[in-house]
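Coordinates in review
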Amino acid sequence: MSAQHAETPIPALPLKTIGDIRAALRFGHGLPGDQESFEADLQRALEASSETDLKAVAAVIVDYRGRIRLYQDPDFDIAIQEGLDLTARLKQEDPRA
């Protein structure tokens with residue numbers, strides 16, 4: 001077992017309300033730009049929704065909750081770096097890139 005996995009896991013943020021999501025984004029959880037994007041996406045969803053159909057709003061909440069959870073994953077940075085390394089190798093192999 002690596003030292004990284006031996007560390008105490010970070011407790012999951014509650015993320016049960018829009019306020020919870022806003023607070024998590026305000027404190028830097030999530031991807032860069034997510035705080036502003038969340039507000040814009042939420043506003044668009046609210047404007048497109050009716051009083052009885054808030055599926056678009058729920059989809060925005062679920063999406064950003066997932067983004068925050070991904071960002072909290074201790075392996076997230078490793079996975080991003082692996083993707084960047086793979087992209088760089090593929091670009092070197094493809095003469096058209």
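Residues numbered from 1 in each chain as written. Predicted model: local features only at pLDDT ≥ 70, side-chain atom pairs only at ≥ 80, totals over all residues. Heavy atoms only, no water.

1. Side note on the overall build of the chain
Helices and strands together make up the secondary structure of the chain, namely 5 helices and 0 strands. Reading the helices (α) and strands (β) of the chain from amino to carboxyl end gives α-α-α-α-α. Buried positions account for 18% of the 97 residues belonging to the chain. Taking contacts inside the chain between residues at least 6 apart in sequence as the whole, the part at least 24 apart equals 57%. (Helix = DSSP H or I, 4+ residues; strand = E, 2+ residues; numbered from the N terminus. Buried < 20%, exposed > 50% of the residue type's maximum accessible area, 1.4 Å probe, protein only. Contact = heavy atoms within 4.5 Å.)

2. Overview of the pattern of salt bridges
Tallied over the full model, the rule gives 4 salt bridges. Notably, a salt bridge pairs Arg22 with Glu39, separated by 2.7 Å at the nearest N-O pair. In this pair, Arg22 is assigned in helix α2 (residues 18-26) and Glu39 in helix α3 (residues 34-48), connecting sequence segments 17 residues apart. We classify Glu39 as partly exposed; its relative accessible area is 32%. Taking the shortest distance from any N to any O, the salt bridge between Asp63 and Arg67 comes out at 3.2 Å. Highlighted residues: Asp63 and Arg67, both in helix α4 (residues 55-72), separated by 4 residues, approximately one helical turn. Look at Arg67 and you get partly exposed, because its relative accessible area is 26%. Among the charged side chains, a salt-bridge network with shared partners connects Asp34, Asp63 and Arg67. (Salt bridge = Lys/Arg side-chain N within 4 Å of Asp/Glu carboxyl O.)

3. Observations regarding the confidence of the model for the chain
Across the chain, pLDDT averages 85, with 86% of residues at or above 70. Mean pLDDT values for the elements of the chain range from 46 in helix α1 (residues 3-6) up to 96 in α3. Here residues 1-6 is a poorly scored stretch, pLDDT under 50, and it has 5 contacts once near neighbours within four places are set aside; other chains count. (pLDDT = per-residue confidence, 0-100.)

4. Focus: α4
The first and last C-alpha atoms of α4 sit 26 Å apart over 18 residues, in line with the 26 Å expected at 1.5 Å per residue. The set of residues buried in α4 consists of Val57, Val60, Ile61, Tyr64, Ile68 and Gln72. The arc that holds every buried residue of α4, seen down its axis, measures 110°, which confines them to one face. With respect to the buried face of α4, the exposed residues turned more than 90 degrees away are Lys55, Val62 and Leu70. Buried-residue contacts for α4 involve α2 and α3. (Expected span 1.5 Å × (residues − 1). Arc of directions from axis to C-beta.)

5. Focus on α2
By the burial criterion, the buried members of α2 are Ile21, Ala24 and Leu25. In a view along the axis of α2, the buried residues occupy a sector of 95°, so they form one face of it. At its buried positions, α2 is contacted by α3 and α4.

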